Amino acid sequence: MRSLLLLKCAAIVVVVGSMPIGHDDPSKQAHTTFHVKPGHLDQTHEITLDHIKCQFSFRAAHAAHGEQWDMLLVKEGHHGGKYTCTIKDMDQDPPHATFLGFSAHMFGAENDHLLSYDIWNHEGALLEGDDFIIEGNTLRSDSHWRLSGLSKVILTCT
């Protein structure tokens, strides 16, 4: 009888002691998905966490099957932590969407500047000067964008 009572107490401690994932975690996140569809209109998708808004705007030239894209905004740490926004193509099978132009922004970034950024097409990482421009809190295609298949953009700010 005593071991049964101890087992019940242990079970209660486990249930009471467990918290929902992310409840007391210093990381917070916001998430959305969208489909890239070609057309003559610009498309904009955004997510907000605290005072930071991550926004991705584009005009698609081709998207054979309406690729699914993912946006994830994560805060690491407590007060004064950094925010990372990852925008990526979830569909790795060709053909890939091509863009007439795109821009990714982190509104609310400290001093309106990014801490870091990374950008990939389906062949690998792009280097500075590979047809994109960094302006304050924005990474965007330049006027010579080659319609190559963009696959991922990562922006980080405080």
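A. Representation of the sheet that holds strand β4 (residues 68-76). Pairing in this open sheet of six strands is antiparallel, and the strands run β1-β4-β5-β11-β7-β8 from one edge to the other. Of all strands in the sheet, those bounded by a partner on one side alone are β1 (28-35) and β8 (124-125). Note that strand β7 (residues 116-121) and strand β11 (residues 150-157) share six bridges and pair antiparallel. Bridge assignment links Trp 120 to a residue of β11, and that residue is Lys 152.

B. Quick look at the state of the cysteines. The tally for this structure, following the rule as stated, stands at one disulfide. Here Cys 54 engages in a disulfide with Cys 85; their sulfurs sit 2.0 Å apart. Residues Cys 54 and Cys 85 are joined through a disulfide that is left-handed, its torsion about the S-S bond being -75°. Taken as a pair, Cys 54 in strand β3 (residues 52-62) and Cys 85 in strand β5 (residues 82-89) lie far apart in primary sequence, 31 residues in all. With relative accessibility at 0%, the residue Cys 85 sits in the buried group.

C. Broad picture of the sheet that holds strand β6 (residues 98-107). Within the open sheet, the five strands sit side by side as β2-β3-β6-β10-β9. Their pairing is antiparallel. Edge positions in the open sheet fall to β2 (43-49) and β9 (132-135), since each of these has one partner strand only. Mean inter-strand twist for the sheet, computed between neighbouring axes without regard to direction, equals 15°. Sheet analysis places β3 next to β6, joined by nine bridges and oriented antiparallel. From the neighbouring strand, Phe 58 faces β6, where its bridge partner is Phe 102.

D. Spotlight on the packing of aromatic side chains. Taken as a whole, this structure holds nine aromatic pairs when the rule is applied. Their ring planes at 25° and their centres at 6.1 Å tell us that Phe 34 and Phe 58 sit as a pair that is stacked. You can see Phe 34 sitting in strand β1 and its partner Phe 58 sitting in strand β3, a full 24 residues away along the chain. Here Phe 34 and Phe 58 have matching classes, each one buried. Relative to Phe 99, the ring of Phe 58 has its centre 5.4 Å away and its plane inclined at 85°; by these criteria the two rings are edge-to-face. Separated by 41 residues along the polypeptide, Phe 58 in strand β3 and Phe 99 in strand β6 bring together distant segments of the chain. The residues Phe 58 and Phe 99 share a single accessibility class, namely buried. Members of the aromatic cluster, connected to one another through ring pairs, are Phe 34, Phe 56, Phe 58, Trp 69 and Phe 99.

E. Region of the structure containing the pairing of β3. Note that β2 and β3 share seven bridges and pair antiparallel. Counterpart to Thr 44 in the pairing with β3 is Ser 57. A loop of two residues connects β2 with β3, the two strands running antiparallel in sequence, and Asp 50 in this loop sits at a positive phi of about 55°.

F. Local environment of the pattern of salt bridges. Following the criterion strictly, the structure yields five salt bridges and no others. For Lys 28, the salt bridge is made with Asp 50, and the minimal N-O distance between the two is 3.1 Å. Taken together, the residues span a long stretch of sequence, with Lys 28 in strand β1 and Asp 50 in the loop between β2 and β3 at a distance of 22 residues. When its relative accessible area of 41% is taken as the criterion, Lys 28 is described as partly exposed. Judged by relative accessible area, which is 39%, Asp 50 ranks as partly exposed.

Rules used in this analysis
Residues numbered from 1 in each chain as written. Predicted model: local features only at pLDDT ≥ 70, side-chain atom pairs only at ≥ 80, totals over all residues. Heavy atoms only, no water. Pairing = 2+ DSSP bridges. Helix = DSSP H or I, 4+ residues; strand = E, 2+ residues; numbered from the N terminus. Disulfide = S-S within 2.5 Å. Buried < 20%, exposed > 50% of the residue type's maximum accessible area, 1.4 Å probe, protein only. Axes fitted to C-alpha atoms, helices over the stretch in contact; angles between N-to-C directions. Phe/Tyr/Trp six-rings, centres within 6.5 Å; stacked < 30°, edge-to-face > 60°. Salt bridge = Lys/Arg side-chain N within 4 Å of Asp/Glu carboxyl O.

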